[in-house]
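# Working through the structure, step by step
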Amino acid sequence: MLGLMQDHPLLISSVLEHALKAHPQGQIASRTVEGPMHHCSYADIGRRAKQLANALTALDVQPGDRIATLAWNGYRHMELYFGVSGMGAVLHTINPRLFPEQIEFIANHAEDQYLFFDLSFAALVEQLAPRMKTVKAFIALTDRSRMPAIEVPNLLCYEELIEDQSDEFIWPVIDERAASSLCYTSGTTGNPKGVLFSHRSSILHSLALCTQDGFALSSADSALLVVPMFHVNAWGMPYAAAMSGARLVLPGASLDGESLYQLMRDEAVTLALGVPTVWMSLQQYVEAHELDPAVDLQLNRVVIGGAAAPRAQVETFENRFDARVLHAWGMTEMSPLGTVCNLLPKHRYATLDERLDLQAKQGRSLFGVSMKIVDAAGAELPRDGKASGHLLVKGPWIASQYYRGEGGPILDDSGWFDTGDIATIDPDNYMQITDRAKDVIKSGGEWISSIDLENAAVSHPAVAEAAVIGIPHPKWQERPLLIVVLKAGKIASKEDLLGFLESRVAKWWLPDDVAFVDALPHTATGKLQKMKLREQFQDYRLACR
Ligand code: AMP
């Protein structure tokens, strides 16, 4: 027997229409690429998204066509989020930090029809345009007076494109399972693979963000998206903000500590989201200028995800910023959110130290994400907080395959997706990543967590950043090498660092050596590039012990 409820498809256009009715005056504050701040409302975004949808219709864009962006976080990018997906086309957000060859590969693989770009990427577009075979026109996200002087065939101006279009548009009612956006994930091997999100998956995921045990996003928030709109739909925040009426603060291209601090202060930011590396530069700026963020800012939650949140970083947010850290974990294939580390009632009276131990965990899965850990043979391991194994997930916002079937099947016979992460799960459902399967250090038949060692190392006051990789060892198979970047003006020797780690990790985990470098390599999404480090240190030999 079927239920007798109305059958409305979950569509991104319905999120925008809700925003237009429920909070049309909700604000979007953007730092523009041209320089000044720009403030507009959801009503403005809606009006212009409809003009854009009319312009794309006039350009003969068909349902399912891929429309690419090379753009920072800003209001015009928001208009593309709603205008493109709303009309039934697929928004393909390209990460401009990828190598030009990768961008060329991605645009051709996706068969993008149009490409919208911020002025910062004008030279890149000029270089790549001749090689983007399917792109019919390149649209600069600016007005006529600021059009870039570049040699690109079919160069159009965004403001001109939409200005004469009607701001009335009837969104098509399409299948909620239709594709809404596309984002490529750059694995460490092979070509990038496309993850194709649907209207349904995007909406269910965004609803989870708004729940209290998610990010508790509401109309009371002013949310700073440091996480780029070209990285997994800015973790779904543009949709979740339009749902909840949260104010959005979009930082454009200025992601340095000073710019972020100013933005947090001037735009009364209550919630900020980003990867550990951006928070590192914010905290360094505060430290160097002896600022008092607890007084200057209204920040009350910081979401740290994309890589493990170092304990020292969490502690600084708690103590110095008076802000609570929500450690979150996920991946592109998961839209991206899987877990959030919120506290349970039983932690209400936990000491700061106990709380920091808990916040080192990536957190509890949200409804919609099932997870389990298994051993090498695929047998499920106990959820006792001790056993660690391969982390598998399934749920309605997790990929079933890559775009155009690249890489073959990605689910096992029971529909589980292997995240490539190694984790523990405790009886309260807190999951903790101990490593990427390929980064874990295998020493004498046991596993050493490179993440735990890195977290311990960055809590040393002189250490800005740390990476640990396994180095081949004749007796133990692999042993850890600690590679550190020191903070400007600080000194620490190998003996200092190993002495510091001695009280923090098991003795047999202690790195066999310490190397000092000026900088560590990062991927286009801010993760440590362990592959590069392993190449860089491939001739490194450890003394036998
Ligand atoms: P991406 O698809 O580029 O977002 O990368 C996803 C991967 O980033 C995950 O599989 C994890 O290895 C890593 N990751 C994401 N969030 C965290 C976190 N909070 N702690 C540790 N690793 C993380």
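Rules used throughout
- Residues numbered from 1 in each chain as written.
- Predicted model: local features only at pLDDT ≥ 70, side-chain atom pairs only at ≥ 80, totals over all residues.
- Heavy atoms only, no water.
- Pairing = 2+ DSSP bridges.
- Helix = DSSP H or I, 4+ residues; strand = E, 2+ residues; numbered from the N terminus.
- 1 Å grid on protein atoms, 1.4 Å probe; cavity = no way out; pocket = protein on both sides within 12 Å on 5 of 7 lines; lining within 4 Å.
- Points joined across faces, edges and corners; volume = space filled by probe spheres on them.
- Nonpolar A, V, L, I, M, F, W, Y, C, P; charged D, E, K, R; others polar.
- Axes fitted to C-alpha atoms, helices over the stretch in contact; angles between N-to-C directions.
- Near = heavy atom within 4 Å.
- Polar contact = N/O pair within 3.5 Å; in protein donor to acceptor, adjacent residues only side chain to side chain.
- Phe/Tyr/Trp six-rings, centres within 6.5 Å; stacked < 30°, edge-to-face > 60°.
- Buried < 20%, exposed > 50% of the residue type's maximum accessible area, 1.4 Å probe, protein only.
- Parallel < 35°, antiparallel > 145°, perpendicular 65-115°, else oblique.
- Left-handed = near helix turned anticlockwise from the far one by under 90°.
- Contact = heavy atoms within 4.5 Å.
- Expected span 1.5 Å × (residues − 1).
- Domains from an automatic or database assignment.
- Buried area = accessible area lost by both parts, 1.4 Å probe.

On to the pairing of strand β11 (residues 247–250), then. Bridge count for strand β1 (residues 27–31) against β11 is three bridges, and the pairing is parallel. By the bridge assignment for β11, Ile 28 is matched with Leu 248.

A word on empty space enclosed by the protein. Tallied over the entire structure, the rule returns six cavities of 30 Å³ or more. Space inside the largest cavity adds up to approximately 140 Å³. Lining the largest cavity we find 15 residues, and of these Val 33, Gly 74, Tyr 75, Arg 76 and Asp 118 sit closest to its centre. Among the secondary structure elements, those contributing two or more residues to the lining of the largest cavity are β1 and α3 (75–86). For the lining of the largest cavity, the element with the highest residue contribution is α3, accounting for three residues. Of the residues belonging to the lining of the largest cavity, the class tally is five nonpolar, six polar and four charged.

In this section: the sheet that holds strand β4 (residues 90–93). Overall, mixed pairing links the seven strands, which are arranged β7-β6-β5-β3-β4-β8-β9 in an open sheet. Two strands bound the open sheet, and with one partner strand each, they are β7 (155–157) and β9 (193–198). For this sheet, the mean inter-axis angle between neighbouring strands, taken without regard to orientation, is 25 degrees. Bridge analysis of strand β8 (residues 179–185) against β9 gives six bridges, and the strand direction is antiparallel.

Neighbouring the ligand are 14 residues, the closest being Ala 328, Thr 332, Gln 362, Asp 421 and Arg 436. Between the ligand and Ala 308, the relevant distance is 3.2 Å, taken from a nitrogen atom to a main-chain nitrogen or oxygen of the residue. Measuring from an oxygen atom of the ligand, one finds a side-chain N or O atom of Thr 332 at 2.7 Å. Looking at the shell around the ligand element by element, the count peaks at four residues for strand β14 (residues 324–330).

This part is about the layout of surface pockets. The volume enclosed by the second largest pocket comes to roughly 260 Å³. What lines the second largest pocket is a set of 18 residues, among which Arg 97, Val 275, Thr 277, Val 278 and Gly 526 lie closest to the centre. Ranked by residues supplied to the lining of the second largest pocket, first place goes to helix α11 (residues 276–288) with four residues. When the residues that make up the lining of the second largest pocket are grouped by side-chain class, the tally is nine nonpolar, eight polar and one charged.

Moving on, we come to the packing of aromatic side chains. Inspection of the entire model under this criterion finds eleven aromatic pairs. Relative to Tyr 285, the ring of Tyr 261 has its centre 5.9 Å away and its plane inclined at 55 degrees; by these criteria the two rings are tilted. Pair noted here: Tyr 261 is in helix α10 (residues 257–266) and Tyr 285 is in helix α11, with a separation of 24 residues, a long-range link. For Tyr 285, a relative accessible area of 18% gives the class buried. Ring centres of Trp 508 and Trp 509 lie 6.1 Å apart, and the angle between their planes is 85 degrees; this geometry places the pair in the edge-to-face category. Under the relative-accessibility criterion, Trp 508 is labelled partly exposed at 39%. By relative accessible area, Trp 509 is classed as buried at 14%. Here the aromatic cluster, defined as three or more aromatic residues joined through ring pairs, consists of Trp 72, Phe 121 and Phe 230.

A separate point is the packing of α11 against helix α13 (residues 311–319). Two numbers describe how α11 lies on α13: the axes approach to 11 Å, and their chain directions differ by 50 degrees. With respect to their mutual orientation, α11 and α13 come out oblique. Handedness of the crossing formed by α11 with α13: left-handed. Of α13, the residues touching α11 (which contributes Pro 276, Trp 279, Met 280, Leu 282 and Gln 283) are Gln 313, Thr 316 and Phe 317. A per-class count over the contact of α11 with α13 returns five nonpolar, three polar and no charged.

Over its 13 residues, α11 runs 18 Å from end to end, which matches the ideal 18 Å to within 8%, given 1.5 Å per residue. Those residues of α11 lying buried are Pro 276, Val 278, Trp 279, Leu 282, Gln 283, Tyr 285 and Val 286. Remark: Glu 290 follows α11 within two positions and exhibits a positive phi of approximately 45 degrees.

Here the focus is the domain arrangement of the protein. What the domain assignment lists for the protein is domain 1 (16–197), domain 2 (370–436) and domain 3 (441–536). In this structure, domain 1 and domain 2 have C-alpha centres spaced 33 Å apart. Every contact between the two is made by twelve residues of domain 1 and, on the other side, six residues of domain 2. Here domain 1 meets domain 2 over a buried area of about 720 Å², counting both sides, of which 65% is carbon and sulfur. Its largest share of buried area at the contact with domain 2, domain 1 owes to His 109, Lys 193 and Gly 194, together 59% of the area lost on that side. The interface formed by domain 1 and domain 2 contains four residue pairs in polar contact (both at pLDDT 80 or more). Of all the secondary structure elements, the ones that give two or more residues to the side of domain 1 that touches domain 2 are α4 (100–110), β8 and β9. Ranked by residue count, the leading element in the side of domain 1 that touches domain 2 is β9, at four residues.

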